Amino acid sequence: MIESLPQRERAFLPAAYELTDWTSVQSYFDELKNRIILNADELRAWFQDRSELESYLSENFAWRYIRMTTDTSNEAYVAAFNEFNENIQPHWAEISNTLDQKAIASPYVDELKDEGYFITLRAMRRQIEIFRTENVPLFTQIQQLQSQYGNIAGAMTVTLNGEEMTLQKAGDFLMQPNREVREEAWKAIWERRYQDHEALDELLNQLRDLRHQVAQNAGFANFRDYMFAAMGRFDYTVEDCFNFHDAIAQTVVPVLNEISAERKQALQTADLRPWDKLVDPTGKAPLKPFAGGEDLLTKTIEVFDRLDPELGSYLRVMRTMGRFDLESRKGKAPGGYNYPLEESGVPFIFMNATSNLRDMVTILHEGGHAVHSIVTRDLALNSFRNVPSEVAELASMSMELITMDHWDVFFPNPEDLRRAKLDHLEDIIETLPWVATVDAFQHWLYENPTHSVEERNEAWLHYRLEWSGAFQSVSVAAAVTYLRSTLLLH
């Protein structure tokens, strides 16, 4: 078992180095840019020094992002994030392109390709192909706009039963057996989201336009095609995505319709409404797998211990180091993530837990990401540790399933345990059409970069209904608002 995860000692940066502004770090990049490399060993050392420098900067940015999302109302956190985004990131982007070109042009680079560098070098070549200096300030604007979404969403609250609460906490009412309670909560949540629809529409319009300009500057027809290159999608195509959509429609949606028909019959209702989706159809009270963030973390560690004591020890180290922010609260950005911290090698898990099954699954999911981050922390280069999202999600979504044999930690009652497993397996089935919906819509969004808000709303509804199964009663306002909440960061 691991009791600590010490940070690798610096070999290139001074041990006491702290970033203040771009000038405080520029000399280290200049040294890499100007260094004369006379053999393959020196090229390897150059890569390692660059990795150390970039890992430091990556973690510095990560902490700014983490702090901002944990308290979107904190002006100092927002300012620190914007300072990096505006005054450090643009310089870093330009010098990174210069360093990529230096590496690829080295006469010794072919000596490294069989040592695990192949994927790194392939990605470098692609980044060189798509880099454009004129896109650097555009990415700064894009990053700023994306952070605005978190600020807007983090301020959203509703009042139910006389209590002001976050939308995540209000979502727990959607699991209550009383249908009137569910309907009231659902309408309160979506009416609150809809209050900001004009601001969110404008935010998405600006992001769409900036992203399209980035794509055109780089010689692509649209942002979708640009991102296929930028994300290193060498192994599958746009057409493969469309084939995936068709497969979901043909094989998964019919199953989802069967589940919905069974739910409708069990609820004994004439029609299913959006507030009927999360409640137990037999009228049982919502599952309560934990009581508060500390209980959630303690039980999660026990589950990981049962899988492998080393995995549990990873989470204990993270807890000792303060690498969790789990509970929902006002001012906190929505969603959840595991943020790898490149220099220390110990990630941070952020989420908005209240008390439900999905929160339990979320921490298991993010715990899978965390384990992946930690077991790759000692790889030689930061580029070896940074995997595409398709690979990253394999670790996290697998953890949801391979922990199932130990969910009795959360559900000692056998009937509750069985119910939890079935609920999650059903949720996975529902997730596949949702993934197809969002993906298909994003293809449309960027293939039609001059669309109006009205056209965007109609397109969303078209795709939403195509893969929604029996839950086709979501109102226009609610569906469109859900679109905004989902796509602003992508």
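Report on the accompanying structure. (Residues numbered from 1 in each chain as written. Predicted model: local features only at pLDDT ≥ 70, side-chain atom pairs only at ≥ 80, totals over all residues. Heavy atoms only, no water.)

Glancing now at the packing of helix α10 (residues 223-230) against helix α11 (residues 238-267). Where α10 contacts α11, the two axes come as close as 11 Å, and the packing angle between them is 105°. Looking at the two axes, α10 sits roughly perpendicular to α11. Judged by residue contacts, R224, D225 and F228 of α10 engage V238, C241 and F242 from α11. Here the contact of α10 with α11 is composed, by residue class, of four nonpolar, no polar and two charged. (Axes fitted to C-alpha atoms, helices over the stretch in contact; angles between N-to-C directions. Helix = DSSP H or I, 4+ residues; strand = E, 2+ residues; numbered from the N terminus. Parallel < 35°, antiparallel > 145°, perpendicular 65-115°, else oblique. Contact = heavy atoms within 4.5 Å. Nonpolar A, V, L, I, M, F, W, Y, C, P; charged D, E, K, R; others polar.)

Considering the arrangement of structural elements, one finds R224 in helix α10. Residue contacts for R224: discarding those within four places in its chain leaves V238, F242, H443, Y446 and E447.

Moving on, we come to unusual backbone geometry. A positive phi angle, near 55°, is found at N161, a position not held by glycine. Turning to its location among the elements, N161 is positioned in the loop between β1 (157-160) and β2 (163-166). The phi dihedral of Q268 is positive, around 55°, even though this residue is not glycine. Classification of Q268 as exposed rests on a relative accessible area of 73%. (Buried < 20%, exposed > 50% of the residue type's maximum accessible area, 1.4 Å probe, protein only.)

Now for the side chain of Q146. As for its position among the elements, Q146 is in helix α6 (residues 136-154). Under the relative-accessibility criterion, Q146 is labelled buried at 18%. Within the local environment of Q146, its side chain forms a polar contact with the side chain of R211, the two groups lying 3.1 Å apart. (Polar contact = N/O pair within 3.5 Å; in protein donor to acceptor, adjacent residues only side chain to side chain.)

A separate point is the environment of V78. If you trace the backbone, V78 turns up in helix α3 (residues 75-87). For the pair formed by V78 and T300, sequence separation is 222 residues and the distance between their alpha carbons is 31 Å. Not counting residues up to four positions away in its chain, the partners in contact with V78 are M68, T72 and N151.

This next bit is on the nonpolar core. If you look at the biggest cluster of nonpolar residues, it comprises 41 residues, and the most contacted ones within it are L19, V25, F29, W46, F47 and L53. The set of elements that each furnish at least two residues to this core consists of α1 (23-34), α2 (40-70), α3, α4 (89-105), α5 (113-130), β4 (337-339) and β5 (348-353). Among residues more than four places away in sequence, those in contact with L53 are F12, L13, V25, Y28, F29 and L32. Counting residues in hydrophobic clusters, the runner-up holds 35 residues, among them L315, I349, A370 and A420. (Core = buried A, V, L, I, M, F, W, Y, C linked by side-chain atoms within 4.5 Å.)

This paragraph deals with the sheet that holds β4. One open sheet holds the three strands; their spatial order is β3-β5-β4, and the pairing between them is mixed. Looking at the sheet topology across the chains shown, the edges are occupied by β3 (324-327) and β4. The sheet shows a mean angle of 10° between the axes of neighbouring strands, taken without regard to direction. Where β4 lies against β5, three bridges are found, and the strand directions are antiparallel. Across the sheet, the residue bridging to Y339 is F348, located in β5. The sheet strands contacting helix α12 (residues 293-307) are β3 and β5, and the helix crosses β3 at an angle near 120°. Packed onto the sheet, helix α14 (residues 357-375) meets β3, β4 and β5 and runs at close to 175° relative to β5. (Pairing = 2+ DSSP bridges.)

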